Amino acid sequence: MESSSSISSEENNNLQAVMEQRKRKRMISNRESARRSRMRKQKLMDDLTAQVAQLRKENHQIVTSVSITTQHYLTVEAENSVLRAQIDELRHRLDSLNDIIAFSSGNYNGFSGMCSNVSDRLEVDDLFVNQINTSMNMNMFYLNQPLTASADALQY
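Residues numbered from 1 in each chain as written. Predicted model: local features only at pLDDT ≥ 70, side-chain atom pairs only at ≥ 80, totals over all residues. Heavy atoms only, no water.

Peer 1: Tell me what's going on with the overall build of the protein chain, and back it up with residues and numbers.
Peer 2: When helices and strands are counted, the protein chain shows two helices and zero strands. Buried residues in the protein chain amount to 8% of all 156 residues. Relative to all contacts within the protein chain whose residues are 6 or more apart in sequence, the contacts with residues 24 or more apart total 75%. (Helix = DSSP H or I, 4+ residues; strand = E, 2+ residues; numbered from the N terminus. Buried < 20%, exposed > 50% of the residue type's maximum accessible area, 1.4 Å probe, protein only. Contact = heavy atoms within 4.5 Å.)

See below:
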């Protein structure tokens, strides 16, 4: 019996040694798995950090581009306002010149219905001729001047 008890004790020792070996293998395997998991997690964090940096760079470029485009738009809008003011001034000058031409060629009928006799008509014509001459002198002065308008002076 002693031999069976020594065998079972020996088997028990072997069994414990096998279990200890399995336990060590599991522990080593678990440690290796945890290390791989930490490495994956670190790689993911590094990738996400790089992606955040790239997105921030792209965002900065877009903001800069929008700012430049907005500034360009405001400049063009100001130039358009100046051009519109110049167009209005030129239209006014053209209308004045067309009125002068029409009056000097006799096609101006502005006061023809107000005068009942020829002497009244001559007085009105003299009055208009004096006003036209004065106006023409003023218009000639303005025609020789460059058009200037400031974008700051115009509000839109």
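Still more ground to cover, so stick around.
Peer 1: I'd like a description of a nonpolar patch on the surface, backed by residues and values.
Peer 2: Side chains of Leu44, Met45 and Leu48 sit close together on the surface and give an oily, nonpolar patch of about 280 Å² of accessible area. Position of Met45 relative to the elements: it lies in helix H1 (residues 2–104). When its relative accessible area of 46% is taken as the criterion, Met45 is described as partly exposed. (Patch = residues over 30% accessible without salt bridge, like charges linked within 9 Å, V, L, I, M, F, W, Y side chains within 5 Å. Areas by Shrake-Rupley, 256 points an atom, 1.4 Å probe, with all protein chains shown as cover. Salt bridge = Lys/Arg side-chain N within 4 Å of Asp/Glu carboxyl O.)

Peer 1: Describe the pattern of salt bridges, naming the residues involved and giving the relevant values.
Peer 2: Going through the model one piece at a time under the given rule, you end up with five salt bridges. Note that Asp47 and Lys43 form a salt bridge whose closest N and O atoms lie 3.1 Å from each other. Taken together, the positions of Asp47 and Lys43, both in helix H1 and four residues apart, correspond to about one turn of that helix. With a closest N to O distance of 4.0 Å, Glu77 and Arg84 form a salt bridge. Judged by relative accessible area, which is 45%, Arg84 ranks as partly exposed.

Peer 1: Describe a positive patch on the surface, listing the residues and the values that go with them.
Peer 2: A contiguous patch of positive charge on the surface is contributed by Arg22, Lys23, Lys25 and Arg26. Examined against the element boundaries, Lys23 turns out to sit in helix H1. Exposure remark for Lys23: the relative accessible area of 46% places this residue in the partly exposed category. (Lys, Arg positive; Asp, Glu negative; His and termini not counted. Charge placed at Lys NZ, Arg CZ, Asp CG, Glu CD.)

Just geometry here; none of it tells us what the structure is for.
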